[in-house]
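# Structural features, examined
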Amino acid sequence: MPPILPILGLAIAYALAVRLAWALPVRSGLVAVWPAAGIALGVLLRWGRNLWPGVLIGAFAAKLTTSGLVAAVGGGIAPTVEVLICVTLLDRYITPMMTRPAVARFAGIGVLFAGAFASGVIGQSTLSLAGEHHGAFAESILRWTLGDVAGMLLIAPLISARDLMQWPRLRPLRVLEDATVVGLLLAVALAAFTRPHGQIWLLIPFGVWLVLRATKGSVALASAGLTIIAVYETSAGRGPLAVGGDHDLLVAQAFSVLMAVCLYLLAALTADRRQMLDEHQRMSEEAAALHRVASTVARGAGLTEVAELAGAEVATLLGMDVGVVVAFDGRSEIVRAIGQGTAPGVLPPPLPPYVPVAPGSAVDRIRRTGRAERFDERAVAVPSMPPYRQRIAAPITVEARLWGAMIVCTPRTDDLSADIEGRLQRFAELIGMAIANADAQARLVAQATTDQLTGLVNHRAFHERLREEAAVARRHGTPLALAVFDIDRFKQINDTLGHVGGDAVLAETARRMQSAARAGEIVARIGGDELALLMPGVDGDDAHAAAERIRRAVAATPFADAGAMTLSAGVCDLDQASAPEELLRLADGALYWAKAHGRDACIRYSPQVVEELSAAERADRLEHARALAALGALARAIDAKDPATIRHSERVAALACELAAESGWSPEDVARLHDAAVVHDVGKIGVPDAVLSKPERLTAEEYEVIKRHADLGAQIVAEMLDGEQVAWVRGHHERHDGRGYPDGLAGDGIAEGARLMALADAWDAMTGARVYSAPMRLDAALAEVRANEGAQFHPDAVAALERVHTRGALGALTADAGPAPAAA
């Protein structure tokens, strides 16, 4: 349905403009500037060509009041055809050419001439048919064309401009300058056109001043005034253009249109150049600001610092007060504030850490649209975020995900520039890059400072934090404590379950420690099975309580494959140490004391409790440990000669220690038994490989060779182990009934450690695969042990094995045996 009211409004405006033009004093029917044509073109360009009936109705009605029907019809059709030609050609051909504005403007003026000429031909032809003549036909068409072009050129741009009602902020000096130059131009024009030989060239400097400095409205006003003066004075026979000929008015009109076209084109070109310079300067400032933000990102600054700098830069560039970066919190109606920056001289209210999202606000709409949005509260009494009445928000995208938004705010009530969203978006994209960069750096830092197995702080990062926290504690006089933990009998776990099983125990221990630690406490892995808890702001008493909490949390629940596990811990606070390194050394000394006095304990360092080892003692113990490790490596190498005995010594050691623990041995003695059991078969180094790896049953002579390994092994370890441990190694093949070797000992005459090792060694032989026999199932092996109780095996050792089996730990200590069948 056609818009009736706008059409009627245009018709009335067009008719009034026609009547006003005819009311002016004219000669030979000439109206130098036809304002109705400018009104019609401007309205159709701005509000759409579907309003063209208003031109037809208005022109027809105006002409009908002074002429007959034929003239009225022609007078209505002519301007209608004119504006339709102009609007169609401008929309279809000229608008796409605006990427080259100079060419487009020249072509646009050509379109105006084409439309006006068509109108002139139709109009003058109709007037001729109606008997109305205003001079020669061709001259009349030319006058009509020039008058319509002048009207469209002077009036249409002012009406069609989209920003016609967007008044800029009042600048008194600019208004005074424009009024002065327009006044001087018109004064010079009036002086020139009232004298027979007036100097028209005097208009040039004022015209140049006009096109270089004045606004679009001032240029249009000066052009209209110049046209009126030139035509009116020339029609009165005055001025340099009045030579007394029939064409004086036509020359004046052509001069006026030419001047208007020149002023319009030159002003437009100057405005384009000024806009290009302004845009270049703005882009330079914007590039400099972006460079500063990018440099801050590149040097690894935190996200908050980057957000504050970007907020300040974008607020300054866009003429706003505040720039804020916020992060979305899922679909919550709350956003998290990352950082806020302000333009110079602005003191905004403090930024809360979390900000509610106003319904319908720019941020609210961003979450739905994913593009930049405006939020205008100039018309409301109380804005949602006083004192800001206008806000622009641009989305921040990280890895194709809507992460947050960058917002600029201002209390201004004037209109903001049309391209402000695009400019803000460039900063938002940079913030997105900063976030992605910060995330990447955080991942790299985490990889560099985190132990891959446990997820705890690693050795290097722990020492850095220890030094930092010690410096802070010294500077501010605050306490600092450290607890060092060690997993008890962890080597046995590795020997029994292998390194994969040991890693699983270590990872689970770390998880339990992390869960039991409190906020601000730093859990780290500082060695193979050595863990640490750094406690800033905690004194020695509270640190001991924290370490006890950690120790209980680890021991509370048995581990999946390893069963019950315990920790030993040493605690020290900074009051006892002069440096971070000494704090760690003293805590480690307390840990050593805890392990040496029973394990599963937490000892707080004090000079009275922890016995410091001398350098010589430490060296002796280190040398002993190295020698014992070398013997263990030799024993493992011997086991590896036969695929059936790989890791045999380690399994024997693990089961023997389990039997000792069940028998009530102290942790220290269990550890001694483990050291002996690991090397119990080292004497096989003297057994020929042909005998050691023979796939058939041994002959009596070969068996005698094998029997020598127990005595040889005791001789090899004599300098590394104490006398009791040597006796365990020598006697691990003795039998309860006295039929064993090498000494034929019986009953309680066999050392208890040897009795346990003998059962563990036999158990591994029964349940492990041999080239000459298949491994026994666990129930069959138990039956065999029970059958030989009191003969081959000491009853106490068998009883300990039964208890290990009852609590379900025997399977994990057994080589290749399958599980026992379920009970009926």
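Now for a look at the structure at hand. (Residues numbered from 1 in each chain as written. Predicted model: local features only at pLDDT ≥ 70, side-chain atom pairs only at ≥ 80, totals over all residues. Heavy atoms only, no water.)

### Regarding the overall build of the protein
Of regular secondary structure, the protein possesses 26 helices and 11 strands. Of the contacts formed within the protein by residues at least 6 apart in sequence, a portion of 66% connects residues at least 24 apart. Only carbon and sulfur atoms are counted for the fraction: they give 61% of the accessible area of the protein, which is about 39,300 Å². (Helix = DSSP H or I, 4+ residues; strand = E, 2+ residues; numbered from the N terminus. Contact = heavy atoms within 4.5 Å. Areas by Shrake-Rupley, 256 points an atom, 1.4 Å probe, with all protein chains shown as cover.)

### Re the sheet that holds strand 7 (residues 480-487)
Strand order in the open sheet made by the 5 strands is 8-9-7-10-11, with mixed pairing throughout. One side of each edge strand has no neighbouring strand; the edge strands of this open sheet are strand 8 (522-525) and strand 11 (602-604). Within this sheet the neighbouring strands show an average axis-to-axis angle of 20°, counted without direction. In this structure, strand 7 lies alongside strand 10 (residues 567-573), joined through 7 bridges in antiparallel fashion. The partner of V484 across the bridge, within strand 10, is G570. Packed on one face of the sheet, helix 16 (residues 540-555) meets strand 7, strand 9 (530-536), strand 10 and strand 11 and runs near 170° to strand 11. The sheet strands contacting helix 17 (residues 580-596) are strand 7, strand 9, strand 10 and strand 11, and the helix crosses strand 10 at an angle near 145°. (Pairing = 2+ DSSP bridges. Axes fitted to C-alpha atoms, helices over the stretch in contact; angles between N-to-C directions.)

### A short note on the nonpolar core
A general trend in soluble globular proteins is that nonpolar side chains are found buried together. Membership of the largest hydrophobic core comes to 43 residues, with the highest contact counts inside it found for L10, Y14, W34, L41, L44, V55 and M152. Of all the elements in the fold, those that place two or more residues in this core are helix 1 (4-23), helix 2 (35-47), helix 3 (52-64), helix 4 (69-94), helix 5 (101-129), helix 6 (137-160) and helix 10 (248-298). Residues in contact with L44, not counting those within four places in the same chain, are L10, R49, L51, W52, V55, V83 and V87. Listed in part, the 42 residues of the second largest apolar core include L673, V678, A762 and V798. (Core = buried A, V, L, I, M, F, W, Y, C linked by side-chain atoms within 4.5 Å. Buried < 20%, exposed > 50% of the residue type's maximum accessible area, 1.4 Å probe, protein only.)

### Re the pairing of strand 10
Remember that side chains alternate between the two faces of the sheet whenever the strand is regular. By the criterion of burial, strand 10 is predominantly enclosed, with 7 of the 7 residues buried. Residues L567, A569, V571 and D573 of strand 10 are buried on one face, and the alternating residues S568, G570 and C572, pointing to the opposite face, are buried as well. With 3 bridges joining them, strand 10 and strand 11 adopt parallel strand pairing. Considered in strand 11, the bridge of V571 is made with R604. On the question of chirality, the crossover connecting strand 10 to the parallel strand 11 by way of helix 17 is left-handed. (Right-handed = clockwise from strand over helix to strand, strands pointing away.)

### Focus: unusual backbone geometry
That bond from P386 to P387 is cis: its omega, 5°, falls within 30 degrees of zero. Structurally, P387 is set in the loop between strand 4 (373-376) and strand 5 (390-398). Residue P742 follows Y741 across a cis peptide bond; omega there is 10°. Residue R489 is not a glycine yet carries a positive backbone phi of 55°. With relative accessibility at 34%, the residue R489 sits in the partly exposed group.

### Observations concerning the pairing of strand 1 (residues 322-328)
Among the 7 residues in strand 1, 7 count as buried, and that is most of the element. With burial as the criterion, each face of strand 1 is covered, one bearing V322, V324, V326 and F328 and the other bearing G323, V325 and A327. Both strand 1 and strand 6 (residues 401-410) contribute to a ladder of 6 bridges, which runs antiparallel. Paired with G323 across the two strands is V408, which belongs to strand 6. Summarising the sheet, strand 1 and strand 2 (residues 334-342) pair through 7 bridges and their orientation is antiparallel. Counted as the bridge partner of V324 is Q340 from strand 2.

### A word on the packing of helix 19 (residues 648-662) against helix 26 (residues 795-806)
Packing of helix 19 against helix 26 brings their axes to within 9 Å, and their N-to-C directions diverge by 95°. Relative to helix 26, the element helix 19 is oriented roughly perpendicular. Within the contact between the two elements, helix 19 uses L655, E658, L659 and E662 and helix 26 uses A797, A800, L801, R803 and V804. Tallied by class, the residues present in the contact of helix 19 with helix 26 amount to 6 nonpolar, no polar and 3 charged. (Parallel < 35°, antiparallel > 145°, perpendicular 65-115°, else oblique. Nonpolar A, V, L, I, M, F, W, Y, C, P; charged D, E, K, R; others polar.)

### Structural notes on empty space enclosed by the protein
Taken as a whole, this structure holds 2 cavities of 30 Å³ or more when the rule is applied. Put simply, the largest cavity is a space of about 60 Å³. Lining of the largest cavity is provided by G731, E734, R735, H736, I750, A754, R755, A758, L759, Q792, F793 and H794. Residues belonging to the lining of the largest cavity are distributed by class as follows: 5 nonpolar, 4 polar and 3 charged. (1 Å grid on protein atoms, 1.4 Å probe; cavity = no way out; pocket = protein on both sides within 12 Å on 5 of 7 lines; lining within 4 Å. Points joined across faces, edges and corners; volume = space filled by probe spheres on them.)

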